[in-house]
Amino acid sequence: MVGHYNHILPVRRLQHKIEQARRLHHEADVVIVGAGILGCAVAVALGNQGRSVILLEKSLREPDRIVGELLQPGGVAALERLGLRECLEEIDAVKVYGYDVIYYGDEVRIPYPANAVEGGEEELAEKSRTDEMRGTKRKRPEGRSFHHGRFIQRLRQKAMQNPNVTVVEAAATELVRCSYTGKILGVEATVQSQPDSFFGDLTIIADGYASKFRKDFRPDLPVAKSKFWGLELIDAHLPMPNHGHVILGDGAPVLLYQIGTHETRALVDIPENLPSASLAAGGVKGHLRHVVLPSLPAQVQPSFAAALDRDRLRSMPNSWLPPTTNKTPGLILLGDAMNMRHPLTGGGMTVAFNDAVLLSELLSPSAVPSLNDTAVVITQMRTFHWRRKGLTSVINILAQALYSLFAANDAQLKALQMGCFRYFKLGGNCIDGPVGLLAGIIRKPFVLFYHFFAVALYAIWIYITAAGLAGLPVRLVGSVGVFWKACVVIFPYIYSELQS
Ligand SMILES: Cc1cc2nc3c(=O)[nH]c(=O)nc-3n(C[C@H](O)[C@H](O)[C@H](O)COP(=O)(O)OP(=O)(O)OC[C@H]3O[C@@H](n4cnc5c(N)ncnc54)[C@H](O)[C@@H]3O)c2cc1C
Ligand SMILES: *[C@@H]1O[C@H](CO)[C@@H](O)[C@H](O)[C@H]1NC(C)=O
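Since the structure is predicted, the reported quantities are computational estimates derived from the model, not experimental observations.

Conventions we followed
- Residues numbered from 1 in each chain as written.
- Chains lettered and ligands numbered in written order.
- Predicted model: local features only at pLDDT ≥ 70, side-chain atom pairs only at ≥ 80, totals over all residues.
- Heavy atoms only, no water.
- Helix = DSSP H or I, 4+ residues; strand = E, 2+ residues; numbered from the N terminus.
- Rg over C-alpha atoms; globule rule 2.2 N^0.38 Å.
- Buried < 20%, exposed > 50% of the residue type's maximum accessible area, 1.4 Å probe, protein only.
- Contact = heavy atoms within 4.5 Å.
- Polar contact = N/O pair within 3.5 Å; in protein donor to acceptor, adjacent residues only side chain to side chain.
- Expected span 1.5 Å × (residues − 1).
- Near = heavy atom within 4 Å.
- Areas by Shrake-Rupley, 256 points an atom, 1.4 Å probe, with all protein chains shown as cover.
- Nonpolar A, V, L, I, M, F, W, Y, C, P; charged D, E, K, R; others polar.
- Phe/Tyr/Trp six-rings, centres within 6.5 Å; stacked < 30°, edge-to-face > 60°.
- Lys NZ or Arg CZ within 6 Å of the ring centre and 35° of its normal.

Trainee: Quick rundown of the overall build of the chain? Include the residues and the values.
Mentor: When helices and strands are tallied, the chain shows 14 helices and 17 strands. The globule rule puts the C-alpha radius of gyration for 500 residues at 23 Å, and the 24 Å found for the chain is close to it. When its C-alpha atoms are laid out on the principal axes, the chain stretches across 95 × 55 × 50 Å. When the 500 residues of the chain are sorted by exposure, 54% land in the buried category. The long-range fraction of contacts in the chain, counting pairs at least 24 apart against all pairs at least 6 apart in sequence, stands at 73%.

Trainee: Tell me about the side chain of R388, residues and numbers included.
Mentor: Topologically, R388 is positioned in the loop between α9 (374–387) and α10 (389–406). Given the relative accessible area of 4%, R388 is considered buried. Side-chain polar atoms of R388 contact the side chain of N339, separated by 3.2 Å.

Trainee: So what about helix α1 (residues 10–23)? Which residues, and what values?
Mentor: The terminal C-alpha atoms of α1 lie 20 Å apart, and with 14 residues this matches the ideal 20 Å at 1.5 Å per residue to within 8%. Here α1 has its buried residues at H16, Q20, A21 and R22. In this structure, the buried side of α1 is in contact with β1 (27–33), β2 (53–57) and β8 (165–169).

Trainee: Residue-level account of the site of ligand 2, with values.
Mentor: Close contacts around ligand 2 come from Q15, G47, N48, G50, P163 and N164, and that covers them all. Residue G47 places a main-chain N or O atom 3.5 Å away from an oxygen atom belonging to ligand 2. Protein burial of ligand 2: of its 360 Å² of free accessible surface, 54% is covered by the chains. Taken together, the residues that form the shell around ligand 2 break down as one nonpolar, five polar and no charged.

Trainee: Can you break down the packing of aromatic side chains residue by residue, with the values?
Mentor: Scanning the model with the defined rule gives 14 aromatic pairs in all. Ring centres of Y99 and Y112 lie 6.5 Å apart, and the angle between their planes is 85°; on these two criteria the pair is classed as edge-to-face. Taken as a pair, Y99 in strand β5 (residues 98–103) and Y112 in the loop between β6 (106–111) and α4 (121–134) lie far apart in primary sequence, 13 residues in all. Residue Y99 shares its accessibility class with Y112, and that shared class is buried. Between Y103 and Y104 the ring centres are 5.0 Å apart and the planes differ by 85°, which places this aromatic pair in the edge-to-face class. An aromatic cluster is present here, built from F446, F449, F452, F453, F483 and F491 joined pairwise through their rings. Over the ring of Y463 we find R475, and its NZ or CZ is 4.5 Å from the ring centre.

Trainee: With reference to specific residues and values, describe the site of ligand 1.
Mentor: For ligand 1, the set of nearby residues contains 33 residues, the closest of which are L38, E57, L70, D336 and M349. Between L38 and ligand 1, the recorded distance is 2.8 Å, taken from a backbone N or O atom to an oxygen atom. The backbone of L70 places a nitrogen or oxygen atom 2.7 Å from a nitrogen atom of ligand 1. Relative to its free-state accessible area of 1,000 Å², ligand 1 is covered by the protein chains to the extent of 91%. Counting only elements with at least two residues in the shell around ligand 1, the list comes to α2 (37–48), β2, β9 (171–177), β16 (314–320) and α8 (348–362). For the shell around ligand 1, the per-class residue count stands at 18 nonpolar, eight polar and seven charged.

Scope: geometric values only; no functional claims are made or implied.
This is the structure we're talking about:
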């Protein structure tokens with residue numbers, strides 16, 4: 001059979017052999033478990049570098065999930081660098097220009113910042129100067145929101161079109177480990193209910209939030225203190241089209257964003273053991289109807305009520321899982337399998353695509369000629385762990401800290417929540433900074449630290465000055481509690497990001 005190819009170029013023959021090794025012998029440079037957000041992106045990135053890739057996915061049908069529906073501008077930029085921007089087309093995606101935060105009915109618009117492109121401050125200043133001279137207005141960064149399943153199918157299509165990637169519908173069941181060296185050699189999997197195996201110099205595990213494999217490599221479990229419950233509203237009248245909506249009030253936050261021409265996603269955060277969502281009080285449906293529905297902007301209530309009558313309720317845990325360094329020879333954990341943060345800020349896919357960019361740089365054939373060279377790969381993975389932090393530590397810490405404030409359940413957190421909203425109302429850098437961080441555009445952990453404590457101090461100032469002269473002594477003492485709370489909110493997350 002090979003003889004048939006003797007007349008074509010040697011390169012083509014080699015290509016054919018490599019393709020056969022994947023298809024018939026199930027051998028490749030890289031085996032990836034999970035054709036989700038991360039798996040598809042990494043498969044294409046490595047395939048483009050000439051690596052031979054086997055991508056395993058337990059179900060290639062279009063997923064129907066309530067996750068991964070809003071991609072921040074920093075994620076769109078990474079997608080573009082991966083050559084995958086087209087995947088945002090033909091899926092009825094909606095442009096996102098920023099956020100609308102509604103606090104007890106009071107509204108503040110938070111557009112993505114115009115000038116906060118990546119690069120040093122000088123570069124920024126230089127850019128805006130030249131823009132001014134040209135008399136052009138800088139294009140503002142844009143995000144996209146869409147149906148998750150449609151986007152995933154586009155990403156999978158791109159992986160399938162890449163000649164260096166073979167996509168196989170297979171559920172990985174077990175890692176194959178070399179009994180002498182401990183190196184991971186590949187995975188065992190079930191293909192059409194038959195056991196099978198796939199081998200690679202490198203195995204990448206990207207099997208998502210409920211990863212089957214992560215527990216073998218780290219002792220800690222994801223922590224989920226709340227769930228998002230999802231509804232799909234039809235023809236909802238949003239206060240600010242083309243914006244993500246965050247609705248704050250007495251309860252935990254509600255998110256609303258359009259995911260198609262007619263569809264809008266509502267995600268309602270419900271903390272564990274919430275009394276108004278208990279079975280006795282009518283369960284989650286009762287909570288959504290009696291507590292959440294009346295707290296929404298009036299114009300959204302009809303479509304929300306209709307969805308409540310029509311839809312089956314669906315939920316997902318909102319997990320926190322700090323990142324860890326991959327130290328196992330032959331194995332890399334990535335995506336939600338390795339690192340998760342609260343989805344309030346819609347950061348997961350932005351992290352995944354930026355990780356795919358960084359990983360493919362660090363493991364490029366010029367840096368790592370053979371992925372079988374375990375020592376070099378492990379060194380590169382240590383670099384990966386620290387270098388990704390400029391973006392990911394910001395997104396991780398911001399998501400957790402903001403959630404603590406937005407789901408405020410005590411007096412100090414309430415004071416910080418109000419401080420945060422009033423800070424946004426100041427406008428200018430008080431919104432450009434925070435939303436630039438959230439969008440994955442500003443990659444500077446210190447900027448996050450600065451804005452967080454600026455919010456805390458502003459909250460304390462409001463708290464103290466809101467009291468009359470008589471209340472002053474009590475409020476001065478109370479302000480220590482507010483400051484302490486701010487520290488308790490953020491420092492554990494900062495600490496977790498400093499771990500190797
Ligand atoms: C409620 C909620 C809302 C969210 N909203 C957003 C948002 O708006 N924006 C955003 O950026 N992020 C959001 N996220 C986070 C985002 O969805 C994830 O960070 C992202 O999907 C992670 O990508 P992944 O590739 O690691 O996992 P996934 O995208 O989940 O992919 C994992 C893949 O692995 C496959 N798989 C699993 N086990 C196996 C196996 N044994 N063998 C073979 N295949 C397997 C699965 O079928 C799946 O295709 C949200 C998360 C939650 C919980
Ligand atoms: C596939 O790999 C080969 C080298 O094996 C490389 O020359 C080629 O550019 C890759 N193809 C694509 C589409 O990336």
